[in-house]
Amino acid sequence: MKDQLLLDIAMNLTRIGNWAADDFVGKQNRIQTFLKQTDDYLKKLPIHTYPPRLQKTLSCFQATYDKLTDEAKKKPEDSLRWAEEMMTWGNILTHRANLTA
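Quick caveat: nothing in here was measured; it's all calculated off a predicted structure.

Caption draft 1: Seen up close, the overall build of the protein chain. Of the regular secondary structure elements, the protein chain holds four helices and zero strands. Listing the helices and strands of the protein chain from first to last along the sequence gives α-α-α-α. Against the globule reference of 13 Å for 101 residues, the protein chain gives a C-alpha radius of gyration of 13 Å, in line with a compact fold. For the protein chain, the residues scored as buried account for 40% of the 101 residues in total.

Laid out in structure tokens, this is it:
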């Protein structure tokens, strides 16, 4: 369950990043919908049950994600950089989830 939740978060980040890279303004509603869904997933994620190394990664991710979601509310100055950060975290979390399986 927890690994599936982590993979769902990672998949959302990758989707959001792809949409943002394609057309941030045009896909703003879809991006906001998936950010909200990701927020809900994060609230359910039992971070304390993961190994310490992954807990550290998840804490770093959470800080970056909070910053990125704040930027998304007012459209990032550099939407390609923003999209790349989302996709990068999607890849990192996918890789880490596979290591815990």
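Still more to cover.
Caption draft 2: Structural view of helix 3 (residues 52–73). Compared with an ideal rise of 1.5 Å per residue, which puts 22 residues at 32 Å, helix 3 spans 32 Å between its outermost C-alpha atoms and is within 8% of the ideal. For helix 3, the full list of buried residues reads L54, T57, L58, F61, T64, Y65, L68, T69, E71 and A72. All buried residues of helix 3 lie within an arc of 145° about the axis, which places them on one face of the element. Exposed residues on helix 3 whose side chains face more than 90 degrees from its buried face are P52 and K56. Positioned one or two residues after helix 3, K75 has a phi angle of 65°, which is positive.

Caption draft 3: Quick look at the nonpolar core. Core analysis: the biggest nonpolar cluster contains 28 residues, and W82 and L93 have the highest contact counts within it. When contributions to this core are tallied by element, the ones reaching two or more residues are helix 1 (2–23), helix 2 (28–44), helix 3 and helix 4 (79–100). A total of eight residues in this core trace back to one element, the largest contributor, which is helix 1. When neighbours within four sequence positions are excluded, W82 is seen to be in contact with I16, A20, F24, I31, L68, E71, A72 and P76.

Caption draft 4: The arrangement of helix 1 in detail. An ideal rise of 1.5 Å per residue puts 32 Å on 22 residues; helix 1 measures up with 32 Å between its terminal C-alpha atoms. Burial in helix 1 covers these residues: L5, L6, I9, A10, N12, L13, I16, G17, W19 and A20.

Caption draft 5: Region of the structure containing the confidence of the model for the protein chain. Counting all residues, the mean pLDDT for the protein chain is 93, and 96% of those residues have values of 70 or more. Considering each helix and strand of the protein chain separately, the mean pLDDT is smallest for helix 4, with a value of 91, and largest for helix 2, with 97.

Caption draft 6: Highlighting the environment of M86. Relative to the assigned elements, M86 resides in helix 4. A relative accessible area of 1% places M86 in the buried class. In the structure, M86 is positioned 18 residues away from L68 in sequence and 8.0 Å away in space, judged by C-alpha atoms. Contact partners of M86, with chain neighbours within four places excluded, come to L13, T14, I16, G17, L35, Y65 and L68.

Caption draft 7: Molecular detail of the packing of aromatic side chains. Taken as a whole, this structure holds four aromatic pairs when the rule is applied. Pairing W19 with F34 gives two aromatic rings, centres 4.8 Å apart and planes at 75°, and the pair type is edge-to-face. Here F34 lies in helix 2 and W19 lies in helix 1, a separation of 15 residues in the sequence. Judged by relative accessible area, which is 15%, W19 ranks as buried.

The rules we used
- Residues numbered from 1 in each chain as written.
- Predicted model: local features only at pLDDT ≥ 70, side-chain atom pairs only at ≥ 80, totals over all residues.
- Heavy atoms only, no water.
- Helix = DSSP H or I, 4+ residues; strand = E, 2+ residues; numbered from the N terminus.
- Rg over C-alpha atoms; globule rule 2.2 N^0.38 Å.
- Buried < 20%, exposed > 50% of the residue type's maximum accessible area, 1.4 Å probe, protein only.
- Expected span 1.5 Å × (residues − 1).
- Arc of directions from axis to C-beta.
- Core = buried A, V, L, I, M, F, W, Y, C linked by side-chain atoms within 4.5 Å.
- Contact = heavy atoms within 4.5 Å.
- pLDDT = per-residue confidence, 0-100.
- Phe/Tyr/Trp six-rings, centres within 6.5 Å; stacked < 30°, edge-to-face > 60°.

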